[in-house]
Amino acid sequence: MATSKRCNVSSENLTVNDVKTPKIDINSKVDLIIQSKKHANDVFDVLEYLQSEKEKNVVCAINGCTKLFSTLLERGDLYVGQLPKEELLIGGFSKMLSVFGLTMLFIPMQESALCALMQFASMEGKFPLQDLDWSEHYSFPRELIQAVVERLLSQEEDMAVLISRFQEYLDMVDVRYYVMSSVRENVGRVMDKTKGAVMPIYQNNVFTLLSNINMPSQESELTNYLEHKRAFERLWLGFLKYKLPSSMYKKVLVILHDSILPHISNPTVMIDFLTAAYDVGGAISLLALNGLFVLIHQHNLDYPDFYKKLYSLLEPSVFHVKYRARFFHLANLFLSSTHLPVYLVAAFAKRLSRLALTAPPAALLMVLPFICNLIRRHPACRVLIHQPKACDDPYLMEEEDPSQCHALESSLWELQTLQKHYHPDVAKAAMAINKPLSQQEDDISELLELSTYELMERDLKHKQSKTVPLEFDPATQLLQGSVGVLGLNFSLE
């Protein structure tokens, strides 16, 4: 093949006429190449446009390449490996991919390049570059898909927009299967190379791609369903076995129950991930416990430390965090069984009572009925109400193990103290223990979302509200009642 005469079409050397007619120039060269092999060298001129600094030139070149290579593929004029003599010398897509890699600067060019590559993948599946062995009955451009996945899973750039564009191709069964295989191999290679170190950009790209892969809900919807399900399972387990950026645990936990667990053969294998998520703290710990709770009750997971971990989340801050309502909603669910040991329920009731002494009014109006509901479910815990207050409370607040905190040996004297709370609604709620508790539980659903601001507004609407005598301590800047100091802690969350 004679030395190619390559035209330099970079922006700095283009003439005025050239700049005005890049689309016409590209299209005419593409048509000539398709018409006759003698114009094969013009392909380099088309490829040169891919390196232009002008976005519209690049997009036109990508469209031209799409038409050119799709046509040549269909005609069988593209080859890989050893090329026959005197044939059209246009290599496969390896060079095309490297050229497309240069266009990854602006979203329109990225999307055009992606669509072109997926068009090539579709055409190569129909018209393979290589002759198939007689033992094979199907060809799929695995290497091309792997190259696309490699680019989508960038370690330096956020590829969320491009991955969103790629989502439409994931609805194709074969593309989805080979993408899952390619991503799993890529994650294993990259993370092992970095010895499992957290890579926020890369792992975020992986998660974005994974979360766009939707498995059919029924086997009847997909041929080779079990094979695809296995690929999906290996993909997620391979990703979640590494340490994630802290913010990503929440993203995974939010979609865990609906999008991941239903397609995992043995969901209990998620225990390591959920334990790691719990250690992150805050709302993520709560979501992780919710995941463990599902595994315990729906998949027979044996996890003895579940209630110990829930107990350790009961800190003063739990009344002030934004996810307070979510916390107590789930805590109510976790403690709903009437088969829980008495010592365990007593430990939760006692700890909540102690924390209530410094809680804001809005939280107290929720937690006091919560404690009463615990006692209703477990009548053996009524001893906490009737037991006289000891001079030295045996309850160990700092003990992390609820079985060792001696709650059953104590009493709920804290609720008696709150009966003299400065806020009349709180005092009234605390007085519920003065008479036998009904079997019917209190509905706390509306109280879960009650904020201190809403509580203040509600008070202003009470025209007949009673004046509560208070004393103001200048030293502490707090309101004092007759039984101790109770702070006004207004939270507008």
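Calculation rules
Residues numbered from 1 in each chain as written. Predicted model: local features only at pLDDT ≥ 70, side-chain atom pairs only at ≥ 80, totals over all residues. Heavy atoms only, no water. Salt bridge = Lys/Arg side-chain N within 4 Å of Asp/Glu carboxyl O. Helix = DSSP H or I, 4+ residues; strand = E, 2+ residues; numbered from the N terminus. Buried < 20%, exposed > 50% of the residue type's maximum accessible area, 1.4 Å probe, protein only. Arc of directions from axis to C-beta. UniProt positions renumbered as here; feature names shortened; annotations may be inferred. Contact = heavy atoms within 4.5 Å.

The protein is annotated in an unreviewed UniProt entry as Nucleolar complex associated 4 homolog from Salmo trutta.

Participant: Please explain the pattern of salt bridges as it appears in this structure.
Facilitator: When charged atoms on two side chains of opposite charge get close, those side chains can pair. On inspection of all chains with the given rule, the structure shows 11 salt bridges. Glu150 is the salt-bridge partner of Arg189, the closest N and O atoms lying 2.8 Å from each other. Of this pair, Arg189 sits in helix α9 (residues 173-193) while Glu150 sits in helix α7 (residues 142-152), and the two are 39 residues apart along the sequence. Residue class for Glu150 comes out partly exposed when judged on its relative accessible area of 41%. Lys350 is paired through a salt bridge with Glu414; the nearest N and O atoms lie 2.7 Å apart. Of this pair, Lys350 sits in helix α17 (residues 342-356) while Glu414 sits in helix α20 (residues 413-418), and the two are 64 residues apart along the sequence. For the residue pair Lys350 and Glu414, the accessibility class agrees, reading buried in each case. One network of salt bridges, with partners in common, ties together Lys350, Arg354, Asp393 and Glu414.

Participant: Mind showing me how you'd approach α7 here?
Facilitator: The periodicity of an α-helix, 3.6 residues per turn, causes residues three or four places apart in sequence to face the same way. Those residues of α7 that sit buried are Leu144, Ile145, Val148, Val149 and Leu152. For α7, the angular spread of buried residues about the axis comes to 135°, placing them on one side.

Participant: Whenever I open this one, the UniProt feature "transmembrane region" (unreviewed entry) in the protein confuses me. Can you help?
Facilitator: Under the UniProt annotation, the feature "transmembrane region" (unreviewed entry) is placed at residues 327-349 and 355-375. In the segment residues 355-375, helix accounts for 81% and strand for 0%; the C-alpha atoms at its two ends are 17 Å apart.

Participant: So what exactly am I meant to see when it comes to the side chain of Arg351 here?
Facilitator: Residue placement: Arg351 occurs in helix α17. In this structure Arg351 touches Tyr311, Leu314, Glu315, Tyr395 and Met397, once residues within four positions along its chain are discounted.

Participant: Explain the environment of Thr71 here, please?
Facilitator: On the secondary structure map, Thr71 appears in helix α4 (residues 55-75). The class of Thr71 is partly exposed, set by a relative accessible area of 24%. Considered as a pair, Thr71 and Met123 are 52 residues apart in the sequence and their alpha carbons are 8.9 Å apart.

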